[in-house]
Structures are given as structure tokens and as C-alpha cells.
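# Fold and geometry: a report
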Amino acid sequence: MGQKKNKPVSRRDFIKTAGTAALAVGVGAHIIVPGRASAQQKTLKILQWNHFVPGYDKWFHNTYIKEWGEKNNTKVIVDNIGLAGLNSRAAAEVSAQKGHDLFLFLWPAPVYEDQVIDHREIYEECERKYGKAIDLAIRSTYNPKTKKYYGFSDSYVPDPINYRKDLWDDVGMFPDTWDDIRVGGGKIKKKHGIPVGIGLASEIDTNMALRAIMYSFGSSVHDAESKPVLKSENTLEAIKFVKALHKEAMTDEVFTWDASSNNRFMLSGKGSLALNAISITRTGENKKIPVTDNIWLAKAAKGPVRRIGLEHVMDVYVIWKFAENIEGAKQFLIDYVGNFRSGFLASEFYNFPCFPKTVPDFKTLISKDSKAKPPDKYKVLEDVLDWATNVGYPGYANAAIDEVFSTWVISTMFAQAAAGKMTPKDALNQADKEVRRIFKKWRDRGKI
Amino acid sequence: MTVLRSTVLGARLIRLRDDEHWLGRLMLAPAIAYIALLIGFPFFLALYYSVSDITVGGRTMSYVGLRNFLAIVQNPTFIMALKNTLTFAFVSQILVLILANVLAQALMKDFRGKWVVRFLILLPWVAPISLGSIGWLWMFDSIYSVINWTLQAVGILDHNTRIMWLGKPALAMASVITVHVWRLLPLATVILIAGLSSVPQDIHDAAAVDGAGFWRHHFQITIPLVAPIMTVAVLFGFVFAFTDMIVIYVLTRGGPYNSTQVLASLAFFTGIDGGDLAEGAAISLFLFPLLVAAAFAFLHLARRVEVT
């Protein structure tokens, strides 16, 4: 056996050897070991709002996406922005054809139908795994004309009545019907100088509250077949009612409101009733504001035709056609719905499930809350699906409904009449003209 | 050979450096590229959108002629927004002009703490307008308004009375104009100070010797001399007032019942929030011809009154 010679390593040899090794480690991993290449970590980018309950974002960022990312070998990046920036951001992403894989709207966004995938498959898989989705979710994400699911709704937020029990007890009334609210609210205002607060401004809570009144009076913007039907005796009665409610039980501050004004209104102790999510009581409980124990919740008020209210917020996730990780986004939504019980608890009952079976002990949880006084304060929400509906009631949300909603046509109609700037009839005629114009425009575009 | 080439190249560069004709074009090129890419391109795109049927969620569009413009002029909200825009722009500019004159005159004098005053006056201009507007929103709040609190504290308002600054059409318009004036005043003041500084002192001295009083001195000597630069300030102010929507978006979102809706905010609500990008573009471009004409008129006026 010949003895191996200890040849000194030249600089050229060293570079050659190191280069080959690097090539083997880097490129070789993809070529030589295909299994390793496919196991490379993916990325999933999500954009959603800064949740009203900080604990939810904490859970979502620090627990849920970490666990999901590890299980699915995916790096999950979540960007949070303010509610008011969602539409502009979506428009920018569509314009650039680049952005997040999952985009969360807080309302139906049918206008982006051409830019998103059909979410039918996600609904089908979730229904197979977790049972049927609620009608409210479907009506907020499905276009019956094109038969496409333009979004996927995992959850919604109820919009109950928040009222000051001490004040309402004092006048011996309960806000069960809209007429009770007018009469009782008027009595409280007269006796205590504390008004009712139903927004009459260009903001989302106003949009919801006034539609709740319209629907309970048997009025709506369009019918089940997407024909505009705003101009009706029922709408006129609803406008006259709001005018009377404003005169007898409210003050002009409702014309100035933004989306958080009703929270401040109730928690400052200067309001007797408002329509809102449970954000008022949750803020009060978390910040230990004394008036909170006197703020109770009630179902949507009954009008002359029916008892009905709206969802306060509708979570609608969309996956853009140009998303880089469409499959990952679909899987994320399916898994997220499966874990919704944790999300429900993290949101402190703010977000309700669109797949009810994912929170089997829902009624038990909301009937005994550790923060609420009394602990069954939120029990009133257990039959919320019997009285909560979607923005496009009695039909589906669509692009025309979305534009009517976003350009404040309905809130302006009510506000003009309530302020005495127009007669109820003139305000209705003007709004109806605008609604018909908007519907015609979107019908011409083939979207409704 | 290489040495020869580099020598020739060097000589060419030196010639180019000394050629004012080419050097000027070269140095202007980045600015022109900036304007073309970031202003020109979006502008022509908006023009194209305004005669199309594009939506915020669409990638295809068809030419529809002037249909969007015809539709918006029949919309009462648009007519109201047009009137509001004109009121907002003219009233705010008149106020800015008067207040900027007063401030500029005051800041031309020497007094203790002048730099602090100058700094405070400039603050609204350098601070982000959205933040400033949110501050004002709290001052106008229906419950926690510090203005109402002060009026109650000094006894002007009783404790149960709250002025709804943003809840009445006239008060809301006055409020948004106030914030807009607050925001534009520093720019106009700085421009006017620059103009006042350029007036030779001997002209003021001569006026004083001739016995001109303050008003005569101001209106017959100072104002005509600073008129060209004042025209520029007014032009800037008008452009801002016609095209900006931040103050209105933060304070009123066009309310109460569209009484502070201006064309810029209506274009945003229609185009971005409402999804009809084409109509939004038509609304935002509606005043463009008027603005171009006004800009030409102002610049022409500025040249005519220029003192050489």
C-alpha cells in the first residue's frame, strides 16, 4: 500500500472544494433531494383590522398563527390596519395586483368579485367538517346572479340594544319596541336630561341602526330579487318615526357621530340607549367604568312589521386571484374555522361563529361571563340569529347595495328629514332617485 | 488606444459640463421624470377612467364618453358638493389672506421670543395634517369638547348646554374652514414674509417721510409690491382647498347630511368606498378645467403686477 502524500492545499484547490460544497448544499438540496425542496417554508400574508378587543390580536399573533405556521411549515405574516383604511388598501392591492393572500373586510365587498377566487370550495369543505354555515354568512358573500362566492365569512358581530337599565327602570319602561324607545327615551330625556343616541351621521353604526329601523318597519333598499324598492309607504313611516324620535328623545349630537361616538356616549353616562356591538360593555368592564353595570343589553327592537336588527360587523375574508399562496390561504380559513372556539373566547364574545357547531358550548359560555355584572348579561344574544340579518335584506348584499351603503344615501335621507331640512317625502324621493341610479349603473355592468 | 479613448471621453464630459444648454436639460430631467411618472401618468389615467366604466374591482373597461359627467351633474349630492367646495375654498382663502397679512406684518417686527412665535406658527404646516385634524376632532367632540368646556367654565354656556360644532351645517362648515385655515396659514405667512423682506427699506422710509399713515402705506405701497408673491400664495391655497379632503374626511366625512361634502371627499366615497372608480374620477376631474384657467389667470396676474 502506497503511503498517502500530504500534499499542501493550494488556494485554487480550496476555492474549488469550498465552491463545490456550497453548490451541493444549496442547489443540490433542490436537485439531488427533491423531498427537501418541496418542504421549503411557504409564506402566507394576511391583512386584517386592528381588532376592537386587543386580546384577540394578542391571541391571533402570539398563539394561533404561530401554531398554525409550525404545523403547516408556513411563515405567517399578519398586517393590521385601522378599519377606515380597509377600502383604500384593497383598492391599492387590486390596482397593483399584488398584496396579501388573505384580506379581511368587515362588510361584504361584492365590488371585488372579479378580483377574487370563488370561495365555494372553502364553504363546502367547512360545511363537510363543521356543519352548515349560517344564512347570514351566505347572504353576505354570495352573488346569486353570477353564482359565485366572492368572500368567505368566518364570523359576525351582533348589534344589540345597549340601554341604561337604571334610567329605563326609573321611567317604568323597557326598550322592547321602537315606539317604547321613542316614548321611554323621551321621558328619560325630559326627567334626567339624558338622550337616546341613534346615529344620523355618515358612519357605519348609523348605517346599521337606520337599516334596522327600516327593516322593522317593513321597508328595505331592494327586494329579494335585487329590485330597488326604497320608495314605499313603509320607508316613509320609518322616516317620520326617526324624525319624531330625534325630536322627542335625542339631541343634535347624533349628526356629528363617528363609529366610536356611541361608545363614548354610553360610557360617559350621557346616553340612555344606543345600538352597538358589545364593545360598549366590554370597554366598560375592562376599564372598570362605574356606569357599565347599569348598561344592559336587549334584542333588536320590534317595529310595526317585525323584530329585526343587523349584524354590526361581518367578517368577510377574500383570497385575491393574484395571491401568491392561494392554497395556503384556503387551508388557513378551513383550519381557522375549526379553531373558532378559541377565537370566540379571545374576542370576548365579540365575534360570533358563522359555523355554529364550532362553538358547541356557545350558550353556556355566554350565559355565565366572568366579567359581566350580572354574569348572564350576554345571554340575551343566544338567539341573535332569530333577529339579526344582513345589509342587503331581504336579498343578498351586492355591488349596488354596497355603493348605497358607502355613499351614505340612507343616513343622509333620514338625517335631512330629522333635521327638518327636507320633508320626509322629499328626502325619500331624493334618496330613491339616487338608489335607482346606482342600481341601474351596476345592473348595466352585469353585477346584479 | 485606451488612454486615447478616455482622453476623448473626458474632453466630451468637460464640454458637456460647460454647455449650459445641455447641463440645464440634464439637471431638469429628474424633476420632469418625477412629474411625468408620479403626476402626469396618474392624471392621464384619471382622465381615461372618467370616460370609462371601470370599477375599483375591475381590470377591464369600456369607453362610455361623457356618460359619467352627465350622470354626476344630475345628482343633487354632487351639486351640493360643488357649492360646498366653492364656499370652502373662497371663504378659507379670504381668511388665510387676511390673517397671513396680519401675521406676516407682525413677524416682520422685532420682539422678544419672535423665533418661538415663528416656530409655533409653522407647527401646523410641519405636523401631519391627519394628526392635527384628529386633535381638532376632539376639540369639536359632542361630549368632550374642550371648547365647550372652556365656554362653560367661563360662564358663557350653562352646564347643560353643549354646542354641536360638527352637528349643524353652518357650524360644521365653519369648523372645517377653521381647521383648513389653521393648516394653510403658516405657508401663506412664510410666503408673505419672504415678499415683505424683499421690499427695499428706502421705499418704506420714503413713505414715512411723505407722511403716509399705516393703512395708506399698507394698501398703496406694501400690498402692490408684494402682490405677485401674494398671488402665488393664493394660488397654492386654492389648489389645496379644491383638491384636499383630509380635514373633511377626519372631521365630518361630509356630514351632517352632506353639508360639508366637497368634490374631493365625494370622489373618494364614490370611487374607493363605493367602488365606482369611473364616476369618482369624473367627480374629481370636474373642476380641473376651472382650476387650470384659474392657475393661468393667477400666474398671468402675478407677471403683470411684478415690480421690476
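Fair warning: this is a prediction, and the values are worked out from it, not measured in the lab. Position numbers for residues start from 1 in each chain and track the written sequence from start to end. Here the convention is simple: chains get letters from A, ligands get numbers from 1, in the order in which they are written. Per-residue local features are limited, in this predicted model, to residues with pLDDT of at least 70; the limit for side-chain atom pairs, both in listing and counting, is 80 or more; totals at the level of whole chains, interfaces and linings are taken over all residues. Only hydrogens and water are set aside when side-chain values are computed; all heavy atoms of the structure are taken into account.

### Re the overall build of chain A
Short version of the rule: Under the DSSP-based scheme used, a helix requires at least four consecutive residues in state H or I and a strand at least two consecutive residues in state E, with every element numbered from the N terminus. For every residue, the accessible area (1.4 Å probe, protein chains only) is compared with the maximum for its type, and the residue is labelled buried under 20%, exposed over 50%, or partly exposed between those bounds. Contacts are assigned to residue pairs that have any heavy atoms within 4.5 Å of one another.
Check the secondary structure of chain A and you find 19 helices and 14 strands. Principal-axis analysis of the C-alpha atoms gives chain A an extent of 110 × 55 × 40 Å. Expressed as a percentage of its 448 residues, the buried residues of chain A come to 59%. For chain A, contacts bridging at least 24 residues in sequence account for 75% of all contacts bridging at least 6.

### Considering the sheet that holds strand S10 (residues 295-298) of chain A
Residues and elements named next belong to chain A. In plain terms, the rule: The rule for pairing is simple: two strands pair if DSSP sees at least two bridges between them.
Ordered in space as S8-S9-S7-S10, the four strands form an open sheet in which the pairing is mixed. This sheet does not close on itself; its edge strands, each paired only once, are strand S8 (196-197) and S10. Taken together, the four bridges between strand S7 (residues 161-164) and S10 define a ladder with antiparallel strand orientation. Bridge assignment links Arg164 to a residue of S10, and that residue is Ile295.

### Here we look at the interface of chain A and chain B
Short version of the rule: Accessible area that two parts lose when put together, evaluated with a 1.4 Å probe and summed over both, is termed the buried area. What makes a salt bridge here is a side-chain nitrogen of Lys or Arg within 4 Å of a carboxyl oxygen of Asp or Glu, nothing more. Gly is placed with the polar residues, together with every amino acid not listed as nonpolar (Ala, Val, Leu, Ile, Met, Phe, Trp, Tyr, Cys and Pro) or charged (Asp, Glu, Lys and Arg).
If you look at the interface, chain A gives 41 residues, while chain B gives 40 residues. On the chain A side of the contact with chain B, A:Thr256, A:Arg264 and A:Arg445 bury the most area, a combined 16% of that side's loss. Counting across the interface, chain A meets chain B through seven salt bridges. In this structure, A:Glu253 and B:Arg162 form a salt bridge, with 3.2 Å as the shortest nitrogen-oxygen distance. For the side of chain A that touches chain B, the secondary-structure elements that each account for two or more residues are helix H4 (86-96), helix H11 (261-267), helix H17 (399-406), helix H18 (409-418) and helix H19 (424-444) of chain A. In terms of residue count, H19(A) provides more of the side of chain A that touches chain B than any other element does, six residues in total. When grouped by side-chain class, the residues that make up the side of chain A that touches chain B number twelve nonpolar, 14 polar and 15 charged.

### Digging into the packing of aromatic side chains
All names here are of chain A. The criterion, for reference: Within 6.5 Å between ring centres, the rings of Phe, Tyr and Trp (the latter by its six-membered ring) count as paired, and their orientation is classed by plane angle as stacked under 30 degrees, edge-to-face over 60, tilted in between.
For the structure on display, the rule yields 55 aromatic pairs over all chains. When the centroid spacing of 6.0 Å and the interplanar angle of 90° are considered together, the rings of Phe60 and Tyr336 count as edge-to-face. Here Tyr336 lies in helix H13 (residues 326-338) and Phe60 lies in helix H3 (residues 54-71), a separation of 276 residues in the sequence. On the basis of relative accessible area, Phe60 is assigned to the buried category, the value being 0%. A relative accessible area of 1% places Tyr336 in the buried class.

### Observations concerning the sheet that holds strand S13 (residues 352-353) of chain A
Residues and elements named next belong to chain A. We apply this condition: For helices, the fitted line uses only the C-alpha atoms of the stretch in contact; every axis is such a line through C-alpha atoms, and the angle between N-to-C directions lies from 0 to 180 degrees.
Pairing is mixed in the open sheet, where four strands are placed in the order S13-S6-S11-S14. Taken across any chain shown, the strands that pair with only one partner, and hence form the sheet edges, are S13 and strand S14 (388-389). Pairing between strand S6 (residues 155-158) and strand S11 (residues 309-314): three bridges, direction antiparallel. When the sheet's bridge partners are listed, Val157 is paired in S11 with Val313. Sitting on the sheet, helix H9 (residues 204-216) touches S11 and S14, and the angle it makes with S11 is about 155°.

### Observations regarding the pattern of salt bridges
Residues and elements named next belong to chain A. Counting across every chain of the model gives 34 salt bridges over all chains. Here Asp135 makes a salt bridge to Arg139, at a shortest N to O gap of 3.0 Å. In this pair, Asp135 and Arg139 are both assigned in helix H6 (residues 135-139), four residues apart and thus about one turn of the helix distant. Note that Asp176 and Arg307 form a salt bridge whose closest N and O atoms lie 3.0 Å from each other. Taken together, the residues Asp176 in the loop between helix H7 (165-170) and helix H8 (178-192) and Arg307 in the loop between S10 and S11 connect sequence positions 131 residues apart.

### As for unusual backbone geometry
Omega for the bond connecting A:Lys373 with A:Pro374 falls within 30 degrees of zero, at 0°, which places this linkage in the cis form. On the secondary structure map, A:Pro374 appears in the loop between helix H15 (362-367) and helix H16 (384-387). Across the junction of A:Tyr393 and A:Pro394, the peptide omega takes the value 0°, indicating a cis bond. For A:Pro394, the position within the fold is in the loop between S14 and H17. One non-glycine residue with positive phi stands out, namely A:Gln97, at about 55°. Following the sequence through the fold, A:Gln97 ends up in the loop between H4 and strand S3 (102-105). Phi angles above zero are rare outside glycine, and B:Asn258 is one such case at about 65°. On the secondary structure map, B:Asn258 appears in the loop between helix H11 (246-251) and helix H12 (263-273).

### Some remarks on the domain arrangement of chain A
Many authors give the size of an interface as the accessible area that is lost as the parts come together. All names here are of chain A. Counted only if it meets this: Segmentation into domains, and thus their bounds, comes from an automatic or database assignment. Any N or O atom pair separated by 3.5 Å or less is treated as a polar contact, with the protein-specific requirement of one donor-capable and one acceptor-capable atom, and with residues adjacent in sequence counted only for side-chain atom pairs.
As assigned here, chain A comprises domain 1 (41-157 + 313-367) and domain 2 (158-311 + 380-444). On a C-alpha basis, the centroid separation for the pair domain 1 and domain 2 is 27 Å. Overall, the association of domain 1 and domain 2 removes approximately 2,300 Å² of surface from exposure, summing both partners, and the carbon and sulfur fraction of that is 69%. Our count for the domain 1 to domain 2 interface comes out at zero salt bridges. Our count for the domain 1 to domain 2 interface comes out at eight residue pairs in polar contact (both at pLDDT 80 or more).

### Thoughts on the confidence of the model for chain A
Quick reminder of the rule: pLDDT runs from 0 to 100 and stands for how confident the predictor is about each residue.
Across chain A, the average pLDDT comes to 90, with 91% of residues at or above 70. Taken together, the stretch residues 14-37 of chain A has pLDDT below 50 and engages in ten contacts with residues farther than four places along the chain or on a different chain.

### A look at the environment of B:Ser130
Inspection of the secondary structure assignment puts B:Ser130 in helix H6 (residues 129-139). Here the alpha-carbon distance between B:Ser130 and B:Val247, two residues 117 residues apart in the chain, equals 7.2 Å.

### Some details on the packing of helix H5 (residues 114-126) of chain B against helix H8 (residues 169-197) of chain B
Each pair of packed helices gets described by two things: the angle between the helix axes and the distance between those axes. Residue and element names in this part refer to chain B. Where we set the bar: Reported orientations rely on four angle classes, namely roughly parallel under 35 degrees, roughly antiparallel over 145, roughly perpendicular from 65 to 115, and oblique for the rest. It is the rotation of the near helix from the far one that decides the hand of a crossing: anticlockwise by less than a right angle makes it left-handed, clockwise makes it right-handed.
Relative orientation of the contacting elements H5 and H8 amounts to 125°, with a least axis distance of 6 Å. In this view, H5 runs oblique relative to H8, as classed from their interaxial angle. Two packed elements cross with a definite hand, and for H5 against H8 that hand is left-handed. The residues of H8 that touch H5, namely those facing Arg118, Ile121, Leu122, Pro124 and Trp125, are Trp182, Arg183, Leu184, Pro186, Leu187, Val190 and Ile193. Split by residue class, the contact of H5 with H8 holds ten nonpolar, no polar and two charged.

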